[in-house]
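Chain by chain, the residues:
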Amino acid sequence: MSSQFDGFPKGLPTFLSELQANNKKAWFDAHRAEYDDLYIGPAKAFVAAMAGPLAKAVPGANAEARVNGSIMRINKDVRFSKDKTPYKPHLSLMFPVGDAFDRKSPALWFRISPTQLHLGCGMMDFGPTGLKTYRDTIADPKKAKAFASIISKAHEAGGWERGTPKYKTVPRGYPAVKEAGGIQADLIRHSGFHMGTQEPHPKQLFTPTAVDFVCGRLKTLKPVAQWLSKTIGSAH
């Protein structure tokens, strides 16, 4: 049984925009009530409502309606960043796809920034074991062709764009792929893989149709999510 969700508050983009312009602890502390009412409360309700429908749209997708579950922390980790502003001026959610809720698994993601909605799916970094598994899979011409077909169909179905490969050349140890060139040589240069899209806030976000709208969009990424889960998720 799914929970009812009536839509994100129309004041959420304004809160995020003001946070972006006043990204300081003093301002955030003074506006904590807005954070609770416009951001964290609706985020928990949305994730709870998404759990059942999303699992039907993308089998294996998991949702946990808590911070550090599906809800990403608004606080930034500034230890290794030149940008020392303390907060992320966006609402980010993740829905891992696999046997368990695991942040190392491929995931569907959802983000509301001050002006846009970002949706997508993937793994930002395969990790050492996952990377070898991915490269060995793409080194098989038939498997590479099958994955390329999945990517192409996802683009056609939902307008999803593939992320740019990290490496400029085919990695050492795969001479046959380098010689073959084409899509194999292109795909094997990724160190992670994701597809995504962004658009101005659709009106559905602020209505009771938000869950159906988002699930409908993410459903077209099901083959990509399941390929990553089956191929890479088990390598960790």
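For the structure, see preceding data.
Please read all numbers here as calculations on a predicted model, not as lab measurements.

Trainee: Tell me about the overall build of the chain, residues and numbers included.
Mentor: What the chain contains, in helices and strands, is nine helices and five strands. The order of α-helices and β-strands along the chain, N terminus first, is α-α-α-β-β-β-α-α-β-α-α-β-α-α. Taken over C-alpha atoms, the radius of gyration comes to 19 Å for the chain, in line with the 18 Å a tight globule of 236 residues would show. Taken over the C-alpha atoms alone, the chain extends approximately 60 × 45 × 30 Å along its principal axes. Evaluated residue by residue, the chain yields a buried proportion of 45% over its 236 residues. Sequence-distant contacts, at least 24 apart, represent 69% of the contacts inside the chain between residues at least 6 apart. As displayed, the chain has an accessible area near 12,200 Å², and 53% of this comes from carbon and sulfur atoms.

Trainee: Quick one: what's the story with the pairing of strand 3 (residues 116-123), residue by residue and with numbers?
Mentor: Counting buried residues along strand 3, seven of its eight residues qualify, which places the element largely inside the surrounding structure. Hairpin connection, strand 2 (residues 107-112) to strand 3: the antiparallel pair is bridged by three residues. Across eight bridges, the pairing between strand 3 and strand 5 (residues 193-200) is antiparallel. Bridge assignment links histidine 118 to a residue of strand 5, and that residue is glutamine 198.

Trainee: Report on the pattern of salt bridges, specifying residues and quantitative values.
Mentor: Applying the stated criterion across every chain, the model contains seven salt bridges. Its salt-bridge partner being lysine 132, residue aspartate 136 comes within 2.7 Å of it at the nearest N-O pair. Within this pair, aspartate 136 and its partner lysine 132 are both found in helix 4 (residues 127-138), separated by four residues, close to a single helical turn. Residue lysine 132 is classed as exposed on the basis of its relative accessible area, which comes to 51%. Notably, a salt bridge pairs arginine 189 with aspartate 186, separated by 2.8 Å at the nearest N-O pair. One exposure class covers both arginine 189 and aspartate 186, and it is buried.

Trainee: Explain the sheet that holds strand 4 (residues 161-162) residue by residue, including any values.
Mentor: With antiparallel pairing, five strands are arranged side by side in an open sheet as 1-2-3-5-4. Edge strands, defined here as strands with exactly one partner in the open sheet, are strand 1 (91-96) and strand 4. With six bridges joining them, strand 1 and strand 2 adopt antiparallel strand pairing. Bridging across to strand 2, methionine 94 finds its partner in tryptophan 109. Strands in contact with helix 3 (residues 32-57) are strand 1 and strand 2; relative to strand 1, the strand with the most contacts, it is inclined by about 25 degrees.

Conventions we followed
- Residues numbered from 1 in each chain as written.
- Predicted model: local features only at pLDDT ≥ 70, side-chain atom pairs only at ≥ 80, totals over all residues.
- Heavy atoms only, no water.
- Helix = DSSP H or I, 4+ residues; strand = E, 2+ residues; numbered from the N terminus.
- Rg over C-alpha atoms; globule rule 2.2 N^0.38 Å.
- Buried < 20%, exposed > 50% of the residue type's maximum accessible area, 1.4 Å probe, protein only.
- Contact = heavy atoms within 4.5 Å.
- Areas by Shrake-Rupley, 256 points an atom, 1.4 Å probe, with all protein chains shown as cover.
- Pairing = 2+ DSSP bridges.
- Salt bridge = Lys/Arg side-chain N within 4 Å of Asp/Glu carboxyl O.
- Axes fitted to C-alpha atoms, helices over the stretch in contact; angles between N-to-C directions.

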